[in-house]
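# Chain and residue survey
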Amino acid sequence: MTDLSIVVPVYNEAVNLEELVRRTLTSAQSLDRPFELILVDDGSQDNSWAVMERLQEAHPGVIRLVGFNRNYGQHMAVLAGFERVRGRIVVTLDADLQNPPEEIPNLVQKIEEGYDVVAGWREDRKDIFLRTWPSWLVNRVASVVVGVAQNDYGCMLRAYTRDIVDQINQCGEASTYIPALANTFARRTAEIRVRHAGRQGGRSKYNLFRLFRLNFDLVTGYSLLPLQLVSFLGILIALAGVGFGLFLFVRRLIVGPEVEGVFTLFSILFVFIGLQILVLGLLGEYIGRIYHEVRRRPRYFIRRVKE
Ligand code: UDP
Ligand code: MG
């Protein structure tokens, strides 16, 4: 019986795979229990798959390979791994060695204390400023939306019990954000501080637009709160408008007609037009999610599997 399953999404990580596998296997072996390492190739265009095959041959019986036909994103790759896990405890980590595999025993130990989800928290995060400060905001919002306060929803160095993974597997949502989904099912969650390194080789697969998309998934995928907040804001603005109208009416009685301040009016107008477009976008986001769900297309295609 496999006890521990480690799932790693791989997208153009050929340069990192060797060290990743070496360090991950050493770390997992130190736990002295049967384990498996599932590498999921998310449609890499480099020679990641060839390297994965070579590593699998070099370590018989521990590495399982799954390959997509094209790129579907990190979370889909992890889900494909989840659907195959045999272990009682499931750990996810990145392939680029930003999450040190040496943390795996700490995560496992915490699961063993009776938690369903153990999240890594990159307290000393080695990413650029442009990544870290929006993250702070996203973590606050996600904590409210998901209903479980955590400091680092973006960290994919995490451990789950098999129950949680089975529940995730039953969901089948078109797009998802795994840490948030897991937390909605968890009874007890814990956070442990983990080290974080700069990217070993290659470059980040997320550009600003992909990050924006991913974080939108995180916020609109788990709650209607954004819509409700916007409705509330609408009420406040309307009330302010009524108040302002009353003020202008009284002022006209006292001061008489005025036509100054046209440009001020323009700038105010622009703010409100911007807000309206934002709200339309937000509505569209939810409608888009519904569209993806009703279309019921498979979330990914698996091109090859090597057990
Ligand atoms: N990844 C993936 N598919 C993608 C993008 C990323 O499987 O479309 C993998 C990538 O190979 C790595 C992990 O997800 O193992 C995290 O990606 P990355 O390091 O680029 O993200 P960052 O650390 O910049 O947030
Ligand atoms: Mg990375």
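Going by the structure above, here's the rest.
To start, this report covers the structure provided alongside it. Everything numeric in this text was worked out from a predicted model, so none of it was measured.

## Some points on the pattern of salt bridges
The tally for this structure, following the rule as stated, stands at 28 salt bridges. Across the pair Asp3 and Arg33 runs a salt bridge, and its minimum N-O distance is 2.5 Å. Here Arg33 lies in the loop between α1 (14–29) and β2 (35–41) and Asp3 lies in the segment before β1 (4–10), a separation of 30 residues in the sequence. For Glu13, the salt bridge identified is with Lys205, shortest N-O distance 3.1 Å. Taken together, the residues Glu13 in the loop between β1 and α1 and Lys205 in the loop between β7 (189–194) and α8 (208–220) connect sequence positions 192 residues apart. Within the structure, one salt-bridge network assembled from shared partners comprises Asp3, Arg33, Arg88 and Glu112.

## Looking at the packing of α8 against helix α10 (residues 262–295)
Closest axis-to-axis distance for the α8/α10 pair is 11 Å, and the angle between their directions is 80 degrees. Considering their axes alone, α8 and α10 lie roughly perpendicular with respect to each other. Touching Arg213, Phe216, Asp217 and Thr220 of α8 are Leu282, Glu285, Tyr286 and Arg289, all from α10.

## What about the sheet that holds β7?
What the eight strands build is an open sheet, ordered β7-β5-β6-β4-β1-β2-β3-β8; its pairing is mixed. Each having just a single partner strand, β7 and β8 (302–306) make up the two edges of the open sheet. Averaged over all neighbouring strand pairs, the angle between strand axes comes to 20 degrees, with direction disregarded. Sheet analysis places strand β5 (residues 117–122) next to strand β6 (residues 158–161), joined by three bridges and oriented antiparallel. Its bridge partner lying in β6, Val117 is registered against Tyr160. Each of β1, β2, β3 (63–68), β4 (89–92) and β6 touches helix α3 (residues 74–82); the most contacted strand, β1, lies at about 150 degrees to it.

## Topic: the packing of aromatic side chains
Taken as a whole, this structure holds six aromatic pairs when the rule is applied. Judged by centre distance (5.8 Å) and plane angle (75 degrees), the rings of Phe82 and Tyr160 are edge-to-face. Of this pair, Phe82 sits in helix α3 while Tyr160 sits in strand β6, and the two are 78 residues apart along the sequence. No difference in accessibility class separates Phe82 from Tyr160, as the two residues are buried. Through a chain of ring-to-ring contacts, three or more aromatic side chains come together here, namely Phe68, Tyr72 and Tyr300.

Rules and cut-offs
- Residues numbered from 1 in each chain as written.
- Chains lettered and ligands numbered in written order.
- Predicted model: local features only at pLDDT ≥ 70, side-chain atom pairs only at ≥ 80, totals over all residues.
- Heavy atoms only, no water.
- Salt bridge = Lys/Arg side-chain N within 4 Å of Asp/Glu carboxyl O.
- Helix = DSSP H or I, 4+ residues; strand = E, 2+ residues; numbered from the N terminus.
- Axes fitted to C-alpha atoms, helices over the stretch in contact; angles between N-to-C directions.
- Parallel < 35°, antiparallel > 145°, perpendicular 65-115°, else oblique.
- Contact = heavy atoms within 4.5 Å.
- Pairing = 2+ DSSP bridges.
- Phe/Tyr/Trp six-rings, centres within 6.5 Å; stacked < 30°, edge-to-face > 60°.
- Buried < 20%, exposed > 50% of the residue type's maximum accessible area, 1.4 Å probe, protein only.

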